[in-house]
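Structural overview
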Amino acid sequence: MGIYKICVYAISKNEEPFVDRWMDSMSEADEVVVLDTGSEDGTVEKLRARGARVVAESISPWRFDTARNRSLELVPEDVDICVCTDLDEVFRPGWREVLERVWVPGAGQATYRYTWSFNADGSEGVVFWYEKIHARHGYQWVHPVHEVLKWTGEGRPGPVVTAEEVQLDHHPDPLKSRGQYLPLLEESVREEPEDDRNVHYLGREYMYRGRWDDCIRTLKGHLEMPTAVWRDERAASMRYIAKSYWEKGEAAQARNWYLRAITEAPHLREPYTDLAQMLYQQKEWEGVLYFTSCALAITVRPRSYICEAAAWGSLPHDLRAIAYYNVNAYAQAAVEGKKALELEPGNERLKRNLELMEHAAQEREFT
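These lines cover the structure that appears in this document, whether it is placed above or below.

Cut-offs and rules
- Residues numbered from 1 in each chain as written.
- Predicted model: local features only at pLDDT ≥ 70, side-chain atom pairs only at ≥ 80, totals over all residues.
- Heavy atoms only, no water.
- Pairing = 2+ DSSP bridges.
- Helix = DSSP H or I, 4+ residues; strand = E, 2+ residues; numbered from the N terminus.
- Axes fitted to C-alpha atoms, helices over the stretch in contact; angles between N-to-C directions.
- Contact = heavy atoms within 4.5 Å.
- Buried < 20%, exposed > 50% of the residue type's maximum accessible area, 1.4 Å probe, protein only.
- Right-handed = clockwise from strand over helix to strand, strands pointing away.
- Parallel < 35°, antiparallel > 145°, perpendicular 65-115°, else oblique.
- Left-handed = near helix turned anticlockwise from the far one by under 90°.
- Phe/Tyr/Trp six-rings, centres within 6.5 Å; stacked < 30°, edge-to-face > 60°.
- Lys NZ or Arg CZ within 6 Å of the ring centre and 35° of its normal.

A word on the sheet that holds strand β7 (residues 127–135)
Read from one edge to the other, the open sheet built from eight strands follows the order β3-β2-β1-β4-β7-β6-β10-β5, with strand pairing classed as mixed. The outermost strands of the open sheet, each flanked by one partner alone, are β3 (53–56) and β5 (89–91). Each adjacent strand pair in this sheet contributes to an overall mean axis angle of 30°, direction not counted. Of the strands in this sheet, β1 (6–12), β2 (31–36) and β5 touch helix α1 (residues 19–26), which is tilted by about 30° from β5. Helix α3 (residues 64–73) rests against β1, β2, β4 (81–84) and β7 of the sheet, and its axis sits at about 145° to β1.

What follows is the structure, encoded as structure tokens:
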């Protein structure tokens, strides 16, 4: 046993294929407890065989916060550090040692690096920082979906410690539906209409589903909320509004909202890259070159969930390469095409583009 007593807790449903990988990863904890909410495969039996303490219960009506809070109740009272994960998530080895090194008596939560998605070539996609490690007492999960920890104890919560070397990777089941997200988000906004975070998530969900007018209406409402002050998230709302206008065929409105997003958060790559993509579709090559240069001038990747994989991958260089090619600047196109391929070496389209650009540059050189 280490310096602190650590317990991993989770909820599960039909996660049998992930059990062994997850239990291997969580084995550094003193105890693992799971609330199973209705598995029809061998999840429960397999978890128990691997040493987890499992309680099977039905949660009706379904809410993620209700399920998380019930799973937290299964954690023994004398635990020092609670670690909430899902069965499709995996810690890289050594996480406990790091956590015990940075944790201090009276700490409230720990923040650590989380890779939410991976690209097709195995490189990291969306990366941000999580805070689902917390003290045993004084915390509760809130919101039907996109649930978060809320301090409900007396006085102020303890400090948040940073576990720089703790890395949690997400490997989701692609067959799992997110169909329940929209009704749960709508319920969440009905319950707490002044919660700007969930209004933003609801508008984003409408965008994912192609409900452009609902997205625009909801996110314009988000931007008018007095509590919606985080520039990164405000810029994201503006970008989603812009995309919705573009999909509706209103290019001028889309451009206006992308420019507003840039003004709101000039420190983010995503607004510049999104506008460059729109200009690419309009064949406005000089604009593509300008806005991708603005994006690439930002070299420090933010730690927030707003940070998207495309803007930090091959896309900005890819757009620049194509733009240079279309203005007959073949040598510059080849330079950018090579940079794009270095970031995504398995992409056959990028390989073919680079060959074409290099050939055009050579021909230009000898004519």
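After presenting the structure, the write-up continues.
Thoughts on the pairing of β1
Along β1, seven of the seven residues are buried, which leaves the element largely enclosed by surrounding structure. Side chains Ile 6, Val 8, Ala 10 and Ser 12 of β1 all project onto a buried face; the interleaved residues Cys 7, Tyr 9 and Ile 11 project onto the opposite face, where all are buried too. Here four bridges tie β1 to β4, and the two strands are oriented parallel to one another. By the bridge assignment, Tyr 9 is partnered in β4 with Cys 84. With six bridges connecting them, β1 and β2 associate as parallel partners. Each bridged residue has a counterpart across the sheet, and for Cys 7 the counterpart in β2 is Glu 31. Tracing the backbone out of β1, into α1 and back to the parallel element β2 gives a crossover that is right-handed.

Points about the environment of Lys 150
With respect to the secondary-structure elements, Lys 150 resides in strand β9 (residues 148–151). Sequence separation of Lys 150 and Gly 138 is twelve residues, and the distance between their C-alpha atoms is 8.4 Å.

Brief notes about the packing of helix α12 (residues 315–326) against helix α13 (residues 330–343)
Running from amino to carboxyl end, α12 crosses α13 at an angle of 160°, the nearest separation of the two axes being 8 Å. Viewed along their axes, α12 and α13 adopt a mutual orientation that is roughly antiparallel. Note that α12 runs across α13; the crossing there is left-handed. Across from His 317, Asp 318, Arg 320, Ala 321, Tyr 324 and Tyr 325 in α12, the residues of α13 making contact are Tyr 330, Gln 332, Ala 333, Glu 336, Gly 337, Lys 339, Ala 340 and Leu 343.

Topic: the packing of aromatic side chains
The relation between two aromatic rings is expressed through the spacing of the ring centres and the mutual angle of the planes. Applying the stated rule across the entire model yields 15 aromatic pairs. When the centroid spacing of 6.2 Å and the interplanar angle of 55° are considered together, the rings of Phe 91 and Tyr 112 count as tilted. Of this pair, Phe 91 sits in strand β5 while Tyr 112 sits in strand β6 (residues 109–115); the two residues are 21 residues apart in sequence, bridging distant segments of the chain. Of the residues examined, Phe 91 reaches a relative accessible area of 4% and is grouped as buried. Residue Tyr 112 is classed as buried on the basis of its relative accessible area of 0%. For the cation-ring pair, Arg 68 lies above Trp 141, with the distance from its terminal atom to the ring centre recorded as 5.9 Å. The ring of Trp 312 carries the charged tip of Arg 269 above its face, separated from the ring centre by 3.8 Å.

Honestly, it's all geometry; don't read function into it.
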